[in-house]
Amino acid sequence: MTIKPTPQRLTAPRSLIAAGLAPPERLAELDAVAGRYAIGITAALAALIEPGDPADPIARQFVPDGRELVRDPAERDDPIGDDAMSPIHGLVHRYPDRVLIKLVAACAVYCRFCFRRERVGPGAGALSADEFAAALDYVRARPAIWEVILTGGDPMILSPRRIAEVTRALASIPHVKTLRWHSRLPVAAPERVTRAMARALIADGKTTVVAVHANHPRELTEAARAACRRLSDAGAMLVSQSVLLRGVNDDPETLTALMRAFVEARVKPYYLHHCDLAPGTAHWRVPIAKGQELMRLLRGRLSGLAIPTYVLDIPGGRGKIPVGPQWLAREEDGAYAATDPSGVEHVYVDRLGADD
Ligand code: SF4
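Quick caveat: nothing in here was measured; it's all calculated off a predicted structure.

**Q** Pulling in residues and values, what's your account of the overall build of the protein?
**A** Scanning the protein from N- to C-terminus turns up 11 helices and 12 strands. The C-alpha radius of gyration computed for the protein amounts to 21 Å, which stays within 12% of the reference 21 Å derived for 356 residues, consistent with globular compactness. Counting all 356 residues of the protein, 53% fall into the buried class. Taking all contacts inside the protein whose residues are at least 6 apart in sequence as the whole, residues at least 24 apart take part in 75%. Of the accessible surface of the protein, which amounts to about 15700 Å², a share of 54% is contributed by carbon and sulfur atoms. Separation between the mean location of the 45 positive side-chain charges and that of the 42 negative ones in the protein comes to 6 Å.

**Q** Explain the pairing of strand β4 (residues 178–183) residue by residue, including any values.
**A** Most of β4 sits inside the fold, with 6 of its 6 residues counted as buried. Taken together, the 4 bridges between strand β3 (residues 147–151) and β4 define a ladder with parallel strand orientation. When the bridges of β4 are listed, Glu-147 appears paired with Thr-178. A crossover connection joins β3 to the parallel β4 through helix α6 (residues 160–171); in handedness this β-α-β unit is right-handed. Where β4 and strand β5 (residues 207–213) come together, 6 bridges link them in parallel fashion. Directly across from Ser-183, in β5, lies its bridge partner Val-212.

**Q** Account for the sheet that holds strand β10 (residues 328–330), with residues named and values stated.
**A** Taken together, the 3 strands give an open sheet; going across it, the order is β10-β11-β12, and neighbouring strands pair in antiparallel fashion. Edge strands, defined here as strands with exactly one partner in the open sheet, are β10 and β12 (345–348). Each adjacent strand pair in this sheet contributes to an overall mean axis angle of 30 degrees, direction not counted. Judged from the 4 bridges that link them, strand β11 (residues 336–339) and β12 form a sheet pairing that is antiparallel. Within β12, the position partnered with Thr-339 by the bridge is Glu-345.

**Q** Help me get a handle on the confidence of the model for the protein, residues and values and all.
**A** Summing up the model confidence of the protein, the mean pLDDT is 94 and the portion of residues at 70 or higher is 97%. Here residues 2–6 is a poorly scored stretch, pLDDT under 50, and it has 15 contacts once near neighbours within four places are set aside; other chains count.

**Q** So, the packing of aromatic side chains: which residues are in play, and what are the values?
**A** Tallying each qualifying case throughout the model produces 2 aromatic pairs. Aromatic pair Phe-113 and Trp-284: ring centres 5.4 Å apart, planes at 80 degrees, arrangement edge-to-face. Placement of the pair is Phe-113 in the loop between β2 (98–102) and α5 (129–140) and Trp-284 in the loop between β7 (268–274) and α11 (288–301), with a sequence separation of 171 residues. Overall, the relative accessible area of 4% leaves Phe-113 in the buried class. Judged by its relative accessible area of 2%, Trp-284 falls in the buried class. Aromatic pair Tyr-270 and Tyr-271: ring centres 4.0 Å apart, planes at 20 degrees, arrangement stacked. Take Tyr-270: its relative accessible area is 27%, and that puts it in the partly exposed class. Owing to a relative accessible area of 17%, Tyr-271 belongs among the buried residues under this scheme. For Arg-142, the ring lying beneath its charged end belongs to Tyr-138, and the centroid distance is 3.6 Å. Across the ring face of Phe-132, the terminal group of Arg-162 is positioned such that the distance to the ring centre comes to 5.1 Å.

**Q** Which residues make up α5, and what values do they have?
**A** Helix length check: α5 (12 residues) gives 16 Å between terminal C-alpha atoms against 16 Å at 1.5 Å per residue, within 8%. Contact partners of the buried residues in α5: β1 (91–95), β2, β3 and α6.

Cut-offs and rules
- Residues numbered from 1 in each chain as written.
- Predicted model: local features only at pLDDT ≥ 70, side-chain atom pairs only at ≥ 80, totals over all residues.
- Heavy atoms only, no water.
- Helix = DSSP H or I, 4+ residues; strand = E, 2+ residues; numbered from the N terminus.
- Rg over C-alpha atoms; globule rule 2.2 N^0.38 Å.
- Buried < 20%, exposed > 50% of the residue type's maximum accessible area, 1.4 Å probe, protein only.
- Contact = heavy atoms within 4.5 Å.
- Areas by Shrake-Rupley, 256 points an atom, 1.4 Å probe, with all protein chains shown as cover.
- Lys, Arg positive; Asp, Glu negative; His and termini not counted.
- Charge placed at Lys NZ, Arg CZ, Asp CG, Glu CD.
- Pairing = 2+ DSSP bridges.
- Right-handed = clockwise from strand over helix to strand, strands pointing away.
- Axes fitted to C-alpha atoms, helices over the stretch in contact; angles between N-to-C directions.
- pLDDT = per-residue confidence, 0-100.
- Phe/Tyr/Trp six-rings, centres within 6.5 Å; stacked < 30°, edge-to-face > 60°.
- Lys NZ or Arg CZ within 6 Å of the ring centre and 35° of its normal.
- Expected span 1.5 Å × (residues − 1).

Now the structure itself:
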C-alpha cells in the first residue's frame, strides 16, 4: 500500500529541539523514549504549539516524556485486548455486528498516550494484499457483520486511490451497510483531506462515517474545520473521539470548548475515552470519579447535541461501556432518585398507565 509522507513532519528528538518544541537539555530523555516509541508531529500541529511552554496542551500530546518509560503494574501491551479477539491477522471481531480492520500500523502523528503504542510506528507495516483479501473473505462469510471499522494506525494516511479500492471492496458486500474510518488526519494534516480523498470514502447505498480524533479545542483550526466540511460535503457522517487527558482537557471549560468546536465543524461528539492502560501512560490518566464529575458539569452547560458518552474499554477485549455519571438510582420503595445537572436529587415515581 502507498503511504504518502507528510511534508515537514518532525520525527526525531533533535528536530523537535531545533523547532523549539523541547529544550536542548532534554535531548537524552527524548532519545531514551525515541528508542522505544515512535515520534511524529505534523507541521499543522507543530504550528499550534507555544514554544518554550512544556505545559502547552498540544506539545504535551506529541513531545515525548521520560515518564513513558515507567510502567504501572496494571498496564498492558494490548490494553483493549485486540489480540484476544483477532481471528485473522489485521482483523478484530469483538461484537457480533461489526469488525475492525487495521489497514496500516503507521500514523501522521504519534500520540504519547496511544492505546496501540506497542503496535504502531513507521516500521510496523500495512496489511498485505493477501491479508486484506482474507479479511474481506472473513466479512463476506458472516452476514451478521453490518459495520466495518477501518483503523490502524491511521487508515486515512493511505492515498485516495487506495482508500477508494478499500471502499469499493467493502461496498460490494451486500450485508455491510456502514464503513467507519477512524482518523486523526483532519486535525493532524488537514491539507491531505482533499476532495478526492473525501469522494474515495463514499459508496452508493452505504453510510460512511469518519470518527475524527481531537483532544483540545485548539486542534479544531480553520483548516481542520475546512477538512471536516469537505468530508461532510462529500456525504460522510462525522463523529468525534477524544481521550480524557490530564493537563490537556481535564477541566470543564476545555471540554466545553472542545465539544462545541466539534459541533461547529459538523462533527457530532461521540466518545470521550477514559485513557486506556497502555504502557507508560499513568501520568495521563484522570480518576474515573473526576471524569464522571466533568460529564455531570457538561450536562449542565452544553446542548445535548454536544455531549459525548464517557466510555471505558474493559481490559482483555471485553468491550466498551459507558461509565456515567449515573442520573437515576432505584430506591428501596421502588421510586427513583433522579439527580439534576447541578447535583440535586429529586424523587421520580415510575407510575404505569391505567391500561398497563
Ligand atoms: S493517531 Fe490514533 S493510532 Fe495513531 S498514535 Fe494517535 S491514538 Fe495511536
